[in-house]
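Residues per chain, in single letters:
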Amino acid sequence: AQPPPSNRSATQTVGLASVWNMSISVGDNMLFAVPKKGRLYSRVLSILDAVGLVYRRANRLDIANCSNMPISLVFLPAKDIAYYVGEGQVDLGITGEDIIAEADVKVNSLLKLGIGKCRLCVQGPKGKFKKADELAGKRIVTSFPRLWKK
């Protein structure tokens, strides 16, 4: 089966190439963003293997062309994948639903893979706070500022 046509222009592809400082041609391949490391990395690689994608990722290169399908895998930080998909810089991606919600971009979630488990929770020093309302007015640090405001 052929992947859907890309909505990228030649200049967008060249722009991605210069950002990643790569010397690999992706042509008209579908750009498929996957986590380059972290909790999802090994699970995603298992999925790619299970569906039969054949590729060789060169050392220290964040893109790999599949030899058996017109797909180029783009290895990105998981937190950036939703932005790249939402902006049309890649055609497809795998990342966490928490990351998508934080990115606040318009994407279609096509399939829940059930491989990641994220639970956002509030933490504090043990014994210092008994209830969440005791945190009112306190400084709270988060890597999810958009979700926190909601």
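If you're wondering where the values come from, they're calculated on a predicted model, not measured in any experiment.

Caption draft 1: View of the overall build of the protein. Each helix and strand counted, the protein has five helices and four strands in total. When the helices and strands of the protein are read in sequence order from the N terminus, they spell out α-β-α-β-β-α-β-α-α. Relative to its 150 residues, the protein shows a buried fraction of 28%. Long-range contacts, defined as pairs at least 24 residues apart, comprise 54% of the intrachain contacts of the protein with a sequence gap of at least 6. Working note: accessible area of the protein is about 10600 Å², and carbon and sulfur atoms make up 52% of it.

Caption draft 2: Highlighting the layout of surface pockets. Of the voids in this model, the second largest pocket is the one considered here, and its volume is about 260 Å³. Lining the second largest pocket, in full, are R119, L120, C121, V122, Q123, I140, V141, T142, S143, F144, L147 and W148. Here the residues of the lining of the second largest pocket sort into eight nonpolar, three polar and one charged.

Caption draft 3: Broad picture of the nonpolar core. Counting 14 residues, the largest nonpolar core has F32, V34, V44, L48, L53, I71 and L73 as its most contacted members. Taken together, the elements giving at least two residues each to this core come down to strand 1 (30-35), helix 2 (41-50) and strand 3 (71-76). Ignoring sequence-local partners within four residues, the contact set of L73 consists of F32, L48, L53, Y55, D62, I63, A64 and C66.

Caption draft 4: Spatial organisation of the packing of aromatic side chains. Tallied over the entire structure, the rule returns one aromatic pair. Measuring from ring centre to ring centre gives 6.3 Å for Y55 and F75, while their planes differ by 45°; the resulting arrangement is tilted. Pair noted here: Y55 is in the loop between helix 2 and strand 2 (63-65) and F75 is in strand 3, with a separation of 20 residues, a long-range link. When its relative accessible area of 1% is taken as the criterion, F75 is described as buried. Seen from the ring of F75, R57 lies directly overhead, with NZ or CZ sitting 3.9 Å from the centre.

Caption draft 5: Region of interest: the pairing of strand 3. For strand 3, the buried fraction is high: six of the six residues fall into the buried class. Residues of strand 3 alternate between two faces, with I71, L73 and F75 on one and S72, V74 and L76 on the opposite face, all of them buried. Here strand 1 runs beside strand 3; their pairing, made up of six bridges, is parallel. Across the sheet, the residue bridging to A33 is V74, located in strand 3. Of the strand pairs in this sheet, strand 2 and strand 3 are connected by three bridges, and their pairing is antiparallel. Note on strand 3: the bridge partner recorded for N65 is S72. In this antiparallel pair of consecutive strands, strand 2 and strand 3, the connection spans five residues.

Rules behind the numbers
- Within each chain, residues carry numbers counting from 1 in the order of the written sequence.
- This being a predicted model, a pLDDT of at least 70 is required before a residue's local features are given, and a value of 80 or more before pairs of side-chain atoms are given or counted; all residues contribute to the totals for chains, interfaces and linings.
- Side-chain measures were taken over the full set of non-hydrogen atoms in the model, leaving aside hydrogen atoms and water.
- Each helix is a run of H or I in the DSSP string that is no shorter than four residues. Each strand is a run of E no shorter than two, and both are numbered from the N terminus.
- Relative accessibility under 20% of the residue-type maximum defines a buried residue, over 50% an exposed one, and the middle range a partly exposed one, all with a 1.4 Å probe and only protein chains included.
- By definition in these notes, contact holds between two residues if any of their heavy atoms fall within 4.5 Å.
- Only the protein chains shown count as covering a residue, and every accessible area follows the Shrake-Rupley method with a 1.4 Å probe.
- Whether a set of points on the 1 Å grid over the protein atoms alone is a cavity depends on a 1.4 Å probe fitting there but being unable to get out, while an open set qualifies as a pocket with protein on both sides within 12 Å along at least five of seven lines; lining residues are those with an atom within 4 Å of a point.
- Grid points are joined across faces, edges and corners, and a volume is the space filled by probe spheres set on the points.
- Gly is placed with the polar residues, together with every amino acid not listed as nonpolar (Ala, Val, Leu, Ile, Met, Phe, Trp, Tyr, Cys and Pro) or charged (Asp, Glu, Lys and Arg).
- Among buried residues, the Ala, Val, Leu, Ile, Met, Phe, Trp, Tyr and Cys ones that are joined through side-chain atoms within 4.5 Å form a nonpolar core.
- Pairing of aromatic rings covers Phe, Tyr and Trp, the last through its six-membered ring, and needs centres within 6.5 Å; plane angles under 30 degrees mean stacked, over 60 mean edge-to-face, and all others mean tilted.
- Only Lys NZ and Arg CZ are tested; either one counts as a charge over a ring when it is within 6 Å of the ring centre and within 35 degrees of the ring normal.
- Two strands are said to pair when DSSP picks up at least two bridges between them.

By themselves these figures say nothing about function.
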